[in-house]
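One-letter residues, chain by chain:
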Amino acid sequence: MGGLITRIVADGAEAAALLRAGALVAFGTETVYGLGADATNDAAVAGIFAAKGRPHFNPLICHYPDEAAAWGDVVPNDAARSLAARFWPGPLTMVLPRRADSRVALLASAGLDSLAVRVPVGVGGLLRAVGRPVAAPSANRSGHISPTRAEDVIAELDGRIAAVWDTGPCAVGVESTVVDLCGPVPTLLRPGGVTRDALEAVLGPLAEPGTAIRAPGMLASHYAPDAPLRLNVTIPRADEAVLAFGPTAGQFQLSASGDLTEAAANLFTGLRVLDALVRAGGWSGIAAMPIPESGLGVAINDRLRRAAAPRGS
Ligand code: AMP
Ligand code: MG
């Protein structure tokens, strides 16, 4: 990131080429400016969290040029098809079960079995040219308000991202509505550009977050391995599978060079790989080596602490 000059590009083809090359590019949708990255590129997705300075890994919305492309990464149900027909392209995000063969980085869905997908207005050409899902949260620093003009993005992220595609001011100006369609009753997770009344006209009554019955493992931000996980381990036991960071080897290496962006990109894959190793037998649990509490290390440690917390609550 150091020394990077953020360029304002006027051309969607240039923005698409940068995204395909793994760079971070902000662009305007009808809601707010998104901070985009190739969702199939682990390092690029980790770069989003680094650029925003996010202290935790919340799942990101993946953007597609059309409905058919979105269904390539998630399994739609009848409710999803009805909502897509009525509201896409538009300010509606649907959370659906992630396809097992999806190439979207695990970090983009924060290790969850679900994925948030949306078809936005105005950037279909860009998304088609990228040819891959584009993960994009709002293009602001963590805790700041969402930008609705290219100059707002520059004020927030200058020097932290490769480019902004100036698509003019955003029409809606508020984020997309997020509806979770994974459970038996659709649940409104976030109000936004599509009103609750408009959703209920298609779906019937919505559940409030927390009231619907959801499958274990589907709860936002609670991905945890089945295996016991010990944190900040400098001397692992012989029967522990080691989540390594830095020069000492382990059963899974987050980053041998101690690079926190690389470690973030590998985090959920590492937890899943080691969890499978423990499940297969021969290991008693997972021992995570210490990660520095700086930069992306804050978000990595936050997630490791949640993964190590007592279960069943
Ligand atoms: P932002 O990327 O800042 O626009 O925020 C994305 C919103 O979608 C947040 O409220 C996330 O918690 C929510 N979201 C994204 N993916 C998922 C998911 N797989 N499950 C539940 N909520 C999600
Ligand atoms: Mg935001």
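From a predicted model like this one, the values you see are computed outputs, not experimental measurements. Sequence order as written defines residue numbering, which begins from 1 separately in each chain. Here the convention is simple: chains get letters from A, ligands get numbers from 1, in the order in which they are written. Whole-chain, interface and lining totals are the exception, using all residues; otherwise, since this is a predicted model, local features are given only for residues with pLDDT of at least 70 and side-chain atom pairs are given and counted only at 80 or more. Water and hydrogen atoms were dropped before computing side-chain values, which therefore reflect all heavy atoms in the structure.

Moving on, we come to the overall build of the chain. Check the secondary structure of the chain and you find 9 helices and 14 strands. The C-alpha atoms of the chain give a radius of gyration of 20 Å, which matches the 20 Å a tight globule of 313 residues would have. Oriented by its inertia axes, the alpha-carbon framework of the chain measures out at about 60 × 50 × 30 Å. The contact rule is simple, with two residues in contact once any of their heavy atoms fall within 4.5 Å. Taking as baseline every contact in the chain between residues at least 6 positions apart, the subset at least 24 positions apart corresponds to 67%. The protein chains shown are the only cover counted for residues, whose accessible areas, like all others here, come from Shrake-Rupley with a 1.4 Å probe. Total accessible area on the chain stands at roughly 13100 Å², and carbon and sulfur atoms take up 56% of it. Think of it this way: Lys and Arg go in the positive column, Asp and Glu in the negative one, and His and the chain ends go nowhere. A charge is said to be at NZ when it belongs to Lys, at CZ for Arg, at CG for Asp and at CD for Glu. Measuring between centres, the 26 positive side-chain charges of the chain sit 3 Å from its 29 negative side-chain charges. In this text, helices come from DSSP runs of H or I with a minimum length of four residues, and strands from runs of E with a minimum of two, each type numbered from the N-terminal end. Note on method: radius of gyration uses C-alpha positions; expected globular size equals 2.2 Å times residues raised to 0.38.

This next bit is on the pairing of strand β10 (residues 187–190). Here strand β9 (residues 177–180) runs beside β10; their pairing, made up of 3 bridges, is antiparallel. Across the sheet, residue Val 178 finds its bridge partner in β10, namely Arg 190. As consecutive antiparallel partners, β9 and β10 are separated by 6 residues. At least two DSSP bridges between two strands are required for those strands to pair.

Right, let's talk about the sheet that holds strand β2 (residues 25–28) for a bit. As summarised here, the arrangement of the 10 strands in space is β1-β8-β2-β3-β7-β4-β6-β5-β9-β10, forming an open sheet in which the pairing is mixed. At either margin of the open sheet sits one strand with a lone partner, and together these are β1 (7–9) and β10. Bridge analysis of strand β5 (residues 92–97) against β9 gives 4 bridges, and the strand direction is parallel. Opposite Leu 92, over in β9, you have Thr 177 as the bridge partner. Interaxial angles span 0 to 180 degrees and are taken between N-to-C directions of axes, which are lines fitted to C-alpha atoms, for helices over the stretch in contact. Contacting β5 and β9, helix α4 (residues 78–87) runs over the sheet at an angle of about 160° to β5.

So, on to the nonpolar core. In summary, soluble globular proteins display a tendency toward joint burial of nonpolar side chains. The term nonpolar core refers to a set of buried residues drawn from Ala, Val, Leu, Ile, Met, Phe, Trp, Tyr and Cys, joined through side-chain atoms within 4.5 Å. Each residue is placed in one exposure class: buried if its accessible area under a 1.4 Å probe, protein chains only, is under 20% of its type's maximum, exposed if it is over 50%, and partly exposed if it falls in between. Core analysis: the biggest nonpolar cluster contains 76 residues, and Phe 57, Trp 71 and Met 94 have the highest contact counts within it. Ranked by the residues each element gives to this core, the list is headed by helix α8 (residues 260–280), at 9 residues. Once you skip the residues sitting within four places of it in the chain, Trp 71 turns out to touch Pro 76, Ala 80, Arg 81, Ala 84, Trp 88, Met 94, Leu 96, Arg 99 and Val 117. Among the nonpolar cores identified, the runner-up in size contains 14 residues, and Val 9, Leu 19, Phe 27 and Val 123 belong to it.

Here the focus is the packing of aromatic side chains. Two aromatic rings from Phe, Tyr or Trp, using only the six-membered ring of Trp, form a pair when their centres are within 6.5 Å; if the ring planes differ by under 30 degrees the pair is stacked, by over 60 it is edge-to-face, and anything between is tilted. The final tally for this structure, using the stated rule, is 3 aromatic pairs. Relative to Phe 268, the ring of Phe 57 has its centre 6.4 Å away and its plane inclined at 70°; by these criteria the two rings are edge-to-face. Of this pair, Phe 57 sits in the loop between α2 (42–52) and β4 (61–63) while Phe 268 sits in helix α8, placing them 211 residues apart in sequence. Ring geometry for Trp 71 and Trp 88: centres 5.4 Å apart, planes at 35°, overall tilted. With Trp 71 in the loop between α3 (67–70) and α4 and Trp 88 in the loop between α4 and β5, the pair connects residues that are 17 residues apart, well separated along the chain.

Residues of helix α1 (residues 12–20) that are buried include every one of Gly 12, Ala 15, Ala 16 and Leu 19, and no others. On an axial view of α1, the arc spanned by its buried residues comes to 100°, and they lie on one face. Each element contacted by the buried residues of α1 is listed here: β1, β2, β3 (33–38), α5 (124–130) and β8 (163–165). You can read the cap of α1 off the contacts: a side-chain oxygen lies 2.9 Å from the backbone nitrogen of Ala 13, and it is on Asp 11. Note on α1: the residue one or two positions beyond its end, Gly 22, has a positive phi of about 95°. Here the arc refers to the directions that run from the helix axis out to each C-beta atom. As used in this structure description, the phrase polar contact means that two N or O atoms lie within 3.5 Å; if the pair is within protein, one of them must be able to donate a hydrogen and the other to accept it, and residues adjacent in sequence are counted only when both atoms belong to side chains.

Taken together, Arg 54, Pro 59, Ile 61, Val 95, Leu 112, Ser 114, Leu 115, Ala 116, Pro 137, Val 178, Leu 189 and Arg 190 make up the full set of residues adjacent to ligand 1. Here an oxygen atom of ligand 1 and a side-chain polar atom of Arg 54 are 3.2 Å apart. Between ligand 1 and Arg 190 there is a distance of 3.1 Å, counted from an oxygen atom to a side-chain nitrogen or oxygen. Elements with a contribution of two residues or more to the shell around ligand 1: β6 (114–118) and β10. It is β6 that provides the largest number of residues to the shell around ligand 1, a total of 3 residues. Residues are grouped as follows: Ala, Val, Leu, Ile, Met, Phe, Trp, Tyr, Cys and Pro are nonpolar; Asp, Glu, Lys and Arg are charged; every other residue, Gly included, is polar. Partitioning the shell around ligand 1 into residue classes produces 9 nonpolar, 1 polar and 2 charged. Note on terminology: near, applied to a residue and a molecule or strand, indicates that one of the residue's heavy atoms is within 4 Å of it.

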